[in-house]
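# Structural overview
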Amino acid sequence: MVPDAGLDAVADDFAQLRPRLFGIAYRMLGSVADAEDIVQDVWVKWQAYDRAAVRDATAFLVTLTTRLAINATQTARARRETYVGPWLPEPVDTTADPQLGAERGEALETAVLVLLEKLSPTERAAFVLREAFDYPYARIAEVLQTKVSNARKLLSRARQAVAAERQKSVDATQQHKLLAAFLSAAQAGDFDELESLFAAEVASYTDGGGTVRDASRFPVFGRVRVAKFIAAFASRFWTGMRVDWVDANGRPSVLASRDGVPVVWFTVSVSAEGIDRVYWVMNPVKLERIAAAVRARSAE
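Just so it is clear, the model here is predicted, and its values are computed rather than measured.

### Some points on the packing of aromatic side chains
- Taken as a whole, this structure holds 16 aromatic pairs when the rule is applied.
- Summarising the aromatic geometry, the rings of Phe233 and Trp280 are spaced 6.1 Å apart at their centres and angled 75° between planes, so their arrangement reads as edge-to-face. You can see Phe233 sitting in the loop between helix H10 (223-232) and helix H11 (234-237) and its partner Trp280 sitting in strand S6 (residues 274-281), a full 47 residues away along the chain. Considered together, Phe233 and Trp280 belong to a single accessibility category, that of buried residues.
- Among the aromatic residues, those joined into a ring-pair cluster are Phe182, Phe198, Phe229, Phe233, Phe237, Trp238, Phe266 and Trp280.

Following this line, the structure appears as structure tokens:
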């Protein structure tokens, strides 16, 4: 069979755009597997589409990806209503591609993705397109099939919702410094040091997916309670643990493994008051890809 040179060119063009499409889908869904499924679905549809009738392939594919992600978000939200314990987004390695195809880095941090879960699918899409990819309001309106005025309202509501629950974050260097101090204090079970690192309204969230015995099924709130919670399990939890630093979701984070098996990925959100959020992902399904990325770099 003679290769289809035209389709090869289409595949090359799609490959160049793929990081942006994945970036949109991942920010919408918080799941690498679900985002990859969306991008693959877009590719299948694009191959079968009358591409000659499309004036702007990039605009078409971004629109298709966003709309499929909106539909998937509605389905995912229904699944998460029965999720055991706190749900957190799957960490994604951003060492090789720090922006995940984005022109700007917003709407990628774990803390932001957690807050986006509370928005409607269209509010979330408007926020992602604007804050992560700097799309103009007219383009967002086209993607969401709405008026420009409504696109502005969607984004305004999304921004207000995020700002209402999130303090202004510090830069990655300061966040790394406090995460390192937190790791040292957590390993030592040093209650006083942990307490000194926390903001008054700190909260700790652990995602075990209902399958991990050590994962707390309820968030822990407050400086004293969180410090006690983390100090209490230090003596047994950190024994034999290997710690690897990894850039995930555009920020420094830590992957801890025992006997080659990933146990937990964690990071912190930091404001001017100190660490205000601690995120622990222990669900084995959500650790597979980030652990594979760390192993691959270690083998280089």
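Back to the text.
### With respect to the layout of surface pockets
- For the largest pocket, the calculated volume is near 360 Å³.
- Lining the largest pocket are 17 residues, with Leu115, Glu165, Tyr205, Arg277 and Tyr279 sitting closest to its centre.
- Breaking the lining of the largest pocket down by element, the ones donating at least two residues are helix H4 (110-116), strand S1 (198-207) and S6.
- In terms of residue class, the lining of the largest pocket is made up of seven nonpolar, two polar and eight charged.

### Here's the deal with the side chain of Glu131
- With respect to the element layout, Glu131 can be found in helix H5 (residues 121-132).
- Its relative accessible area of 11% is what places Glu131 among the buried residues.
- There is a polar contact of 2.5 Å between the side chain of Glu131 and the side chain of Arg159.

### Some thoughts on H10
- Turning to H10, its buried residues number three or more, namely Val226, Ala227, Ile230 and Ala231. What you see down the axis of H10 is that its buried residues fit within an arc of 125°, all on one side. Exposed residues on H10 whose side chains face more than 90 degrees from its buried face are Arg225, Lys228 and Ala232.
- Those residues of H10 that are buried are in contact with helix H8 (172-188), helix H9 (191-197), S1, strand S2 (220-221), H11 and S6.

### With respect to the sheet that holds S1
- Read across the open sheet, the six strands follow the order S2-S1-S6-S5-S4-S3; overall the sheet is mixed. Edge positions in the sheet fall to S2 and strand S3 (241-248), since each has one partner strand and no second.
- Note: S1 against S2, two bridges, orientation antiparallel. Its bridge partner being in S2, Ala203 is matched across the sheet by Phe221.
- Against the sheet, H8 contacts S1, S3, strand S4 (251-258), strand S5 (261-271) and S6, and its axis sits at roughly 125° relative to S5.

### Here we look at the side chain of Arg80
- Its location among the elements puts Arg80 in helix H3 (residues 57-80).
- On the basis of relative accessible area, Arg80 is assigned to the buried category, the value being 16%.
- Side-chain polar atoms of Arg80 contact the side chain of Glu117, separated by 2.7 Å.
- Filtering out sequence-adjacent residues up to four positions away, Arg80 remains in contact with Leu29, Trp87 and Glu117.

### Looking at the pattern of salt bridges
- According to the stated counting rule, one finds 16 salt bridges in the structure shown.
- Lys45 is the partner of Asp41 in a salt bridge, and the nearest nitrogen-oxygen pair spans 4.0 Å. Linking Asp41 with Lys45, this pair stays in helix H2 (residues 32-48), spanning four residues, or about one helical turn.
- In this structure, Glu109 engages Arg251 in a salt bridge whose closest nitrogen and oxygen atoms are separated by 3.5 Å.

### Looking at the environment of Thr65
- Among the secondary structure elements, Thr65 is positioned in helix H3.
- Looking at Thr65, the relative accessible area reads 0%, which means it is buried.
- Along the sequence, Thr65 and Ala292 sit 227 residues apart, while their C-alpha atoms lie 26 Å from each other.
- Apart from the residues lying within four places of it in its own chain, the contact partners of Thr65 are Leu21, Ile24, Ala25, Ile38 and Val42.

Parameters and conventions
- Residues numbered from 1 in each chain as written.
- Predicted model: local features only at pLDDT ≥ 70, side-chain atom pairs only at ≥ 80, totals over all residues.
- Heavy atoms only, no water.
- Phe/Tyr/Trp six-rings, centres within 6.5 Å; stacked < 30°, edge-to-face > 60°.
- Helix = DSSP H or I, 4+ residues; strand = E, 2+ residues; numbered from the N terminus.
- Buried < 20%, exposed > 50% of the residue type's maximum accessible area, 1.4 Å probe, protein only.
- 1 Å grid on protein atoms, 1.4 Å probe; cavity = no way out; pocket = protein on both sides within 12 Å on 5 of 7 lines; lining within 4 Å.
- Points joined across faces, edges and corners; volume = space filled by probe spheres on them.
- Nonpolar A, V, L, I, M, F, W, Y, C, P; charged D, E, K, R; others polar.
- Polar contact = N/O pair within 3.5 Å; in protein donor to acceptor, adjacent residues only side chain to side chain.
- Arc of directions from axis to C-beta.
- Contact = heavy atoms within 4.5 Å.
- Pairing = 2+ DSSP bridges.
- Axes fitted to C-alpha atoms, helices over the stretch in contact; angles between N-to-C directions.
- Salt bridge = Lys/Arg side-chain N within 4 Å of Asp/Glu carboxyl O.

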